[in-house]
Amino acid sequence: MKILKASSVIFLSVTLLFTSFIDAESFEADIPGNQSGLGVSFINPLTTSNDTNKLRIERPKMPEVWEIYSNINSEDFAPELDLTQNEIMQQSVAETEMDDSIQRSVVGFVGPNYTNYVVGQGISILENSLTVVETGDWQAMGLFRNESPNVIGEVDLFVELLSEDGVILETVTANAPVKNVRPGEPAPFMLTSTTDSSLVAEVVWNAIETEEISEISREGVIYVDYEIPYGLDNYRGVDRDSLDYQIGTSFANIGESLSEAYLYAAWLDSEGKVVWIEETALNEFFQEGIPIEGSGSFADIFVGGDVAPSLSDYTYTLWLNGEKGYVEQEEIYVEDNVPPVLDIEPTDEFSVMQTARFGDVPTTDVITAAGNNNSNTGLTTNHLAAIMLSVTWPEVTGNNRTLTPSPMTVGRWDTGHSRLYPFQNTSPTGQYARAFWNAGIGVFQIDSAGLGSNVAFHNRVLTNTASQVVAASMASRYRSASGTAAQKRRAAWSQWFACGANAVNCENNYNAIYSTSNDIISLSRDNTVARGGGMISRTCYNTSNPSNTWACYKWNANQAQGHTGSFIFNPLNGDSTRLPLPLPFYTYSSVVGGNTIEYRHWLTADTGYSTSLYGARLFGTNARNSLNWTSPSALGSN
């Protein structure tokens, strides 16, 4: 749903257009009994978000991956290092927690401007978010924030447009789309009028609220599965019918069953102004709702027009609203004898060209994960494993099944995000050009914007842990979807764009490797590709205290096993359409209190740079908008 035509947007001074306020008491008589007046103020979130004179509230957390999917083994994802007693790290995390400008993922929300400090009552309009139309009919859009310590069910904005003589030209009302706005949470609004903006000299704001709506759920983890810039006719090897900007989203339900679910999206420019608002609902595979512990995908959002070329450079903010309702979930039991994979040994040139290949231990890891997650899906272990395997070749080998996917694959095509570069120097000739933080990782290309938001780098590389995440997600989607078996497979694959239109690439791979009649996967198990694909375990320490050691991993492209053509290619430093190939780095995760941080360190011995450096990402954040860089690094390794 297009809310505002971007070509008509001109940014005006807030002090000119929004200078008058009225107390909620002045129109109490007109407010229905189930609503109450709401004070409206204006606030600059860049200067006041961490004002400790305000009331501190607890922002929702991003659940751990094993809390989202109950069959995941938490021990396999435990951080390598505990820095809870480290005062410097505690301070660093506290500062990040108070940085409301970073794009973070919490339950029911993805984006910036969600604060831990509120005024204590009413709502605030975030000044820097306001976009106002100067020509034509008066229109405005932006973000408000709940400044109270309680959940607000609904917000209705009332705006009076006044002439120079103080005459009310029009009273504009709007019901904010997001329901159950939590303390400290921002939410979008859109106001449209029939009054020529040139006649508006003054604007008077107020609002009313309702109590929390019991039928609305915010209990879901939002994933951004892919974001495609405007103008691309091919993305991840898939030809596109549209050149529009496109974003694919989904969520995992961690609350009650939902009869319906909606996603609201707003895009903020570099100054924080809202330039576009959209909404979408569950796609065709999830029209019967989402059960408890289920998952679903939303219909993709497409945006054309003048604003579209810029959206991929802007910061999106996403909100989930679900309508609670009973969703029947059928109990399905399938006899599962777990037959072995038929390991095909190519005997001639023809069979080599036809045989699908996958790592030996990685194949076992996929099957093990499938067996731990296929309950109540109607799928055998091998059946779910075949569905999982089918996405890997489109994602990392150009959809060539005869090539073995490398677990060490890093994505190199997601351009336009300067924070992934050290100190935001995006030049291919920059001082640290190849100390680069790639976001899509492993044979499944798990990304920090999606399934990898709270999964460390090495857990996305290692096929035993990566397979657990993917198996849990795919099984949840398959179980939640309605339709034929083929439609349910498409629903399970919906997070992977490389599956192609109608998932044709993944469907073809599935049919090539799996036999439903005898429940056997046919492929060649490549024993030259290990679980980590060449990533090696090391022991790390702080050079100031070498006796304090912890487990870490070293990633080195030169040691990669399997097909490497999708990430090792020139120019190694990247260019306008390709990201850099990183030089060798060390990686691990640490826990600081209730927060987990992912690290990647580049040391001078491996890079030849004049100094060492490292990047750090707080779990629950998208690296593209939250990554912090530091130099030098004090890491040592054995």
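### Thoughts on the pattern of salt bridges
Step number 1: This model, assessed by the stated rule, comprises 18 salt bridges.
Step number 2: With a shortest N-O distance of 3.4 Å, aspartate 526 and arginine 357 are connected by a salt bridge. A residue pair is termed long-range when its members are at least 10 positions apart, and aspartate 526 in strand E31 (residues 520–526) and arginine 357 in strand E27 (residues 357–359) qualify at 169 residues.
Step number 3: Judged by its relative accessible area of 8%, aspartate 526 falls in the buried class.
Step number 4: Salt bridges here are not isolated pairs; linked through shared partners, they connect Arg460, Glu598, Arg600 and Arg617.

### So, unusual backbone geometry
With the exception of glycine, the majority of residues adopt a negative phi angle, and the majority of peptide bonds are in the trans configuration.
Step number 1: Following asparagine 570, the chain continues into proline 571 via a peptide bond in cis, with omega recorded as -5°.
Step number 2: Geometrically, the link from serine 631 to proline 632 is a cis peptide bond, its omega value of 0° lying close to zero.
Step number 3: Checked against the element boundaries, proline 632 lands in the loop between strand E37 (628–630) and strand E38 (635–637).
Step number 4: The phi torsion at asparagine 399 lies on the positive side, around 65°, for a residue other than glycine.
Step number 5: On the accessibility criterion, asparagine 399 (28% relative accessible area) is partly exposed.

### Quick look at the confidence of the model for the protein
Step number 1: Looking at the protein, the pLDDT average stands at 87 and 86% of residues meet or exceed 70.
Step number 2: A low-confidence stretch, residues 1–33 (pLDDT under 50), is modelled with 71 contacts involving residues beyond four sequence positions or located in other chains.
Step number 3: For the stretch residues 346–353, pLDDT sits under 50, and the model shows seven contacts to residues farther than four places along the chain or on other chains.

### Some remarks on the packing of helix H11 (residues 463–480) against helix H12 (residues 485–492)
Step number 1: One way to put it is that H11 packs onto H12 with a least axis distance of 8 Å and a crossing angle of 140°. As far as their axial angle goes, H12 and H11 are oblique. Where H11 crosses over H12, the two elements pack in a sense that is right-handed. Between H11 and H12, the residues in contact are Met474, Arg477, Tyr478 and Arg479 and Ala485, Lys488, Arg489, Ala491 and Ala492, respectively.
Step number 2: When its residues are assigned to classes, the contact of H11 with H12 shows five nonpolar, no polar and four charged.

### Notes on the packing of aromatic side chains
Step number 1: Inspection of the entire model under this criterion finds 22 aromatic pairs.
Step number 2: Considering the side-chain rings of phenylalanine 189 and tryptophan 205, the 5.8 Å spacing of their centres and the 80° angle between planes classify their relative orientation as edge-to-face. With phenylalanine 189 in strand E14 (residues 186–196) and tryptophan 205 in strand E15 (residues 202–210), the pair connects residues that are 16 residues apart, well separated along the chain.
Step number 3: Seen from their ring centres, tryptophan 413 and phenylalanine 569 are 5.5 Å apart, and the 25° between their planes marks the pair as stacked. Taken together, the residues span a long stretch of sequence, with tryptophan 413 in the loop between helix H9 (392–396) and strand E28 (440–441) and phenylalanine 569 in the loop between strand E33 (545–555) and strand E34 (585–592) at a distance of 156 residues.
Step number 4: According to the relative accessible area criterion, phenylalanine 569 is buried, its value standing at 18%.
Step number 5: Three or more aromatic residues joined by ring pairs make a cluster, and in this case those are Phe457, Trp555, Phe585, Trp602 and Trp629.
Step number 6: Looking at arginine 412, its charged tip hangs above the ring of phenylalanine 569, at a distance of 4.1 Å from the centre.
Step number 7: Lying across the ring of tyrosine 478, lysine 488 places its NZ or CZ 5.0 Å from the centre.

### What to know about the nonpolar core
Step number 1: Ranked by size, the top nonpolar core spans 48 residues in total, and within it Tyr69, Met388, Phe444, Met474 and Trp493 carry the most contacts.
Step number 2: Among the elements of the structure, helix H3 (65–68), strand E17 (220–228), helix H7 (360–373), helix H8 (381–389), H11, helix H13 (504–513) and E31 are those that each provide at least two residues to this core.
Step number 3: It is H11 that contributes the most residues to this core, eight residues altogether.
Step number 4: Once residues lying within four places of it in the same chain are set aside, the contact partners of phenylalanine 444 are Val366, Met388, Val391, Thr392, Ala466, Ser467, Val470 and Trp496.

What counts and what doesn't
Along every chain, residues carry numbers that run from 1 in the direction the sequence is written. Only residues with pLDDT of 70 or above have their local features reported here, since the model is predicted, and side-chain atom pairs are shown and tallied only from 80 upward, although totals for entire chains, interfaces and linings are computed over all residues. The side-chain figures draw on all heavy atoms in the structure; neither hydrogens nor water molecules are used. For salt bridges, the criterion is a side-chain nitrogen of Lys or Arg within 4 Å of an Asp or Glu carboxyl oxygen. The way it works is that DSSP assigns letters per residue, a run of H or I at least four long becomes a helix, a run of E at least two long becomes a strand, and they are numbered from the N terminus. Here's how the labels work: a residue is buried when its accessible area is under 20% of the maximum for its type, exposed when over 50%, partly exposed in between, all with a 1.4 Å probe on protein chains only. pLDDT expresses how confident the predictor is about each individual residue, on a scale running from 0 to 100. Note on definitions: a residue-residue contact is assigned when non-hydrogen atoms from the two residues lie within 4.5 Å. Axis geometry follows a simple rule: fit a line to the C-alpha atoms, using only the stretch in contact for helices, then measure angles between N-to-C directions, giving values from 0 to 180 degrees. Roughly parallel means an angle under 35 degrees; roughly antiparallel means over 145; roughly perpendicular covers 65 to 115; every other angle is labelled oblique. Should the near helix be turned anticlockwise from the far one by less than a right angle, the crossing is termed left-handed; should it be turned clockwise, right-handed. Residues were grouped as follows: Ala, Val, Leu, Ile, Met, Phe, Trp, Tyr, Cys and Pro as nonpolar; Asp, Glu, Lys and Arg as charged; and all remaining residues, including Gly, as polar. For this analysis, a ring pair means two rings from Phe, Tyr or Trp (six-membered ring only for Trp) whose centres lie within 6.5 Å, classed as stacked if their planes differ by under 30 degrees, edge-to-face if by over 60, and tilted for the remaining angles. Over a ring means this: the NZ of a Lys or the CZ of an Arg is within 6 Å of the ring centre and within 35 degrees of the ring normal. For this analysis, a nonpolar core means a set of buried residues of the types Ala, Val, Leu, Ile, Met, Phe, Trp, Tyr and Cys, connected via side-chain atoms within 4.5 Å.

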